[in-house]
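# Coordinate inspection notes
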Amino acid sequence: MSPDAASNSSSSKDVVSNLLRRFRLKEVLNEDTGSKTIWLLGSIVEEASGETESSFDDGNSLDPVPGKSAAVVTLERLAFSSQEIGACSSGFLASSEIFTAENNDIYSWSTGTLHERVFHPDARVAIIYPATQKHIDKHRRQQRIWVRETPVLYKEVTKPFIDAQPPSRIQWVYNILSKKVESEHIVFEDPDPENGFVILPDLKWDASNAENMYLVAIVHRRDIKSLRDLDGSHLPLLRNIREKSSLAAGKYGVPPEQLRLYVHYQPSYYHFHVHITNVSFEGKGMVAGRAHLLDTVVDNIENITPDYYQRASISFALNSGDDLWSHWVKSTRAD
Ligand code: M7G
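Residues numbered from 1 in each chain as written. Predicted model: local features only at pLDDT ≥ 70, side-chain atom pairs only at ≥ 80, totals over all residues. Heavy atoms only, no water.

A few words on the site of the ligand. Surveying the vicinity of the ligand reveals 17 residues, the closest of which are Glu182, Asp202, Lys204, His264 and Ser268. Within the side chain of glutamate 182, a nitrogen or oxygen atom sits 2.7 Å from a nitrogen atom of the ligand. In this structure, histidine 273 approaches the ligand through a side-chain N or O atom, which is 3.0 Å from an oxygen atom. Out of a free accessible area of 590 Å², the ligand has 90% covered by protein chains. Within the residue set of the shell around the ligand, elements represented by two or more residues are helix H5 (171-177), strand S9 (197-201) and strand S12 (273-278). Taken together, the residues that form the shell around the ligand break down as 8 nonpolar, 4 polar and 5 charged. (Near = heavy atom within 4 Å. Polar contact = N/O pair within 3.5 Å; in protein donor to acceptor, adjacent residues only side chain to side chain. Areas by Shrake-Rupley, 256 points an atom, 1.4 Å probe, with all protein chains shown as cover. Helix = DSSP H or I, 4+ residues; strand = E, 2+ residues; numbered from the N terminus. Nonpolar A, V, L, I, M, F, W, Y, C, P; charged D, E, K, R; others polar.)

Right, here's the structure in full:
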């Protein structure tokens, strides 16, 4: 690690510790036992206001239109890292503390705490602060509806929504592309303005275990908002991402035949990017109706028709709290 990267990482630690110290829980937004994750909504109290913020607990202190103090915290139990698996010795379980236990014939099971020096750290904490209403809605448990987006509905409903997205939503993308942040994590870059991109570890991956490797390729050009914009002119870019993702993954020891590349529709961020994961990793983002395999995208454009994504109907699930959902309901009701 370069000295710059080291100091950047220690100042990031300070930022996170400081925010966690000032975090006051307001509501558990959602929980998912599969991914062992909970999402918390709270507020970040002023440093000067000390331990308590009296207005917080009355239930009204969180600005209903957040922007100043609201924070969304994601707490996820970490998978065992390769380092931890390597550190397992025959005696390491002896020190576990057992809480509950059952036994039936040759089968026994229990809950307990494992030796903390072997399994450490055990949680991943992500913070969005200040969180907007959109962030909060995205993480809150929601109703789902299934939408079949024809090309006409795309033009009438989804496209105006995408065009109205404020550039600030993807400021983090521009920060990465201009090397303001995360530059030390970039594992591959093709600087070409038309067919170039950067590849770096996704926020969701802590780079500790290549079995669940999760990288993201973010293109330099800013005119491709989503899958719907892709046509024959983008084949060189798409093929370039497919080819170079192998180089990037190779740095983590993941061979080309273990890669799964896909694009989300609808994505959360309308700046074209491709998810690059280890095929062993299976996450929520891979569900039918959201993940479109890059191989299939290239094949549809190359072998079916160059304007495939302008002509196809695309189905996807929408959460009731999504801006797009309300946009959709409003527009279809107005007809
Ligand atoms: P998406 O398909 O637009 O939405 O993917 P999703 O988040 O619902 O999957 C955007 C991808 O970028 C996701 O996999 C995010 O985890 C990742 N991501 C988001 N942010 C804000 C960052 C960031 O600041 N840094 C990195 N490295 N990845 C990010």
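Structure shown, so let's carry the discussion forward.
So, on to the nonpolar core. Grouped together as the largest cluster of nonpolar side chains are 46 residues, with contacts concentrated most on Ile199, Ile241 and Phe272. Considering every element that reaches this core, the biggest residue donor is helix H6 (residues 235-250), with 6 residues. Ranked by size, the runner-up nonpolar core spans 10 residues in total, among them Val173, Ile176, Val198 and Val216. (Core = buried A, V, L, I, M, F, W, Y, C linked by side-chain atoms within 4.5 Å. Buried < 20%, exposed > 50% of the residue type's maximum accessible area, 1.4 Å probe, protein only.)

Take the pattern of salt bridges next. Any two side chains of opposite charge can pair, on the condition that their charged atoms come close. Applying the stated criterion to the full structure yields 10 salt bridges. In this structure, arginine 260 engages glutamate 282 in a salt bridge whose closest nitrogen and oxygen atoms are separated by 3.9 Å. Residue arginine 260 is found in strand S11 (residues 259-264), and its partner glutamate 282 is found in the loop between S12 and strand S13 (291-293); the two are separated by 22 residues along the sequence. A relative accessible area of 65% means that glutamate 282 is categorised as exposed. Aspartate 307 is paired through a salt bridge with arginine 311; the nearest N and O atoms lie 3.7 Å apart. (Salt bridge = Lys/Arg side-chain N within 4 Å of Asp/Glu carboxyl O.)

We now examine the side chain of histidine 275. Of note, histidine 275 is situated in strand S12. Exposure remark for histidine 275: the relative accessible area of 5% places this residue in the buried category. Of note is the side chain of histidine 275, whose polar atom sits 3.2 Å from the side chain of histidine 264. Contact partners of histidine 275, with chain neighbours within four places excluded, come to Tyr214, Leu215, Arg260, Leu261, Tyr262, Val263 and His264. (Contact = heavy atoms within 4.5 Å.)

Before going further, it helps to spend a moment on the sheet that holds S9. Pairing in this open sheet of 6 strands is antiparallel, and the strands run S8-S9-S10-S12-S11-S13 from one edge to the other. Lying at the two open borders of the sheet, with one neighbouring strand each, are strand S8 (188-190) and S13. Each adjacent strand pair in this sheet contributes to an overall mean axis angle of 25 degrees, direction not counted. Note that S11 and S13 share 3 bridges and pair antiparallel. Residue pairing in the sheet places valine 263 in a bridge with histidine 292 of S13. Set on the sheet, H6 makes contact with S8, S9, strand S10 (214-219), S11 and S12; between it and S9 the angle comes to about 35 degrees. (Pairing = 2+ DSSP bridges. Axes fitted to C-alpha atoms, helices over the stretch in contact; angles between N-to-C directions.)

This part is about helix H7 (residues 294-304). All of the buried residues in H7 are Leu294, Val297, Val298, Asn300 and Ile301. Angularly, the buried residues of H7 cover 160 degrees about the axis, an arc narrow enough to put them on a single face. Relative to its buried face, H7 has exposed residues pointing more than 90 degrees away, namely Asn303 and Ile304. On its buried face, H7 sits against H6, S11, S12, S13 and helix H8 (308-311). (Arc of directions from axis to C-beta.)

In this section: the confidence of the model for the protein. Overall, the predicted model of the protein reaches an average pLDDT of 88, with 89% of residues at or above 70. In this model residues 1-6 is a low-confidence stretch, pLDDT under 50, and it forms 2 contacts with partners more than four residues away in sequence or in other chains. (pLDDT = per-residue confidence, 0-100.)

Glancing now at the sheet that holds strand S3 (residues 70-77). Across the sheet, 4 strands lie side by side as S1-S2-S3-S6; this open sheet has antiparallel pairing. Two strands lie at the open edges of the sheet, namely strand S1 (23-32) and strand S6 (123-128), each paired on one side alone. In this sheet, neighbouring strand axes are inclined to one another by 20 degrees on average, regardless of whether the strands run parallel or antiparallel. Alignment of S1 against strand S2 (residues 37-44), held across 8 bridges, turns out to be antiparallel. Each bridged residue has a counterpart across the sheet, and for phenylalanine 23 the counterpart in S2 is isoleucine 44.

Below, the discussion takes up the packing of H6 against H7. The relative placement of two packed helices is expressed as an angle between their axes plus a distance between the axes. One way to put it is that H6 packs onto H7 with a least axis distance of 11 Å and a crossing angle of 155 degrees. What the angle tells us is that H6 and H7 run roughly antiparallel. For H6 against H7, the interelement crossing comes out left-handed. On H7, the residues touching Leu235, Leu238, Arg239, Ile241 and Arg242 of H6 are Leu294, Asp295, Val297, Val298, Ile301 and Glu302. Grouping the constituent residues of the contact of H6 with H7 by class yields 7 nonpolar, no polar and 4 charged. (Parallel < 35°, antiparallel > 145°, perpendicular 65-115°, else oblique. Left-handed = near helix turned anticlockwise from the far one by under 90°.)

Another point: unusual backbone geometry. The omega angle of the peptide bond from tyrosine 129 to proline 130 is -5 degrees, so this bond is cis rather than trans. Residue placement: proline 130 occurs in the loop between S6 and helix H3 (133-139). With a phi close to 65 degrees, lysine 179 is a non-glycine residue in the positive phi region. Tracing the backbone through its elements, the reader meets lysine 179 in the loop between H5 and S8. Looking at lysine 179, the relative accessible area reads 35%, which means it is partly exposed. With phi around 65 degrees, alanine 207 is a residue other than glycine that occupies positive phi space. Relative to the helices and strands, alanine 207 is located in the loop between S9 and S10.

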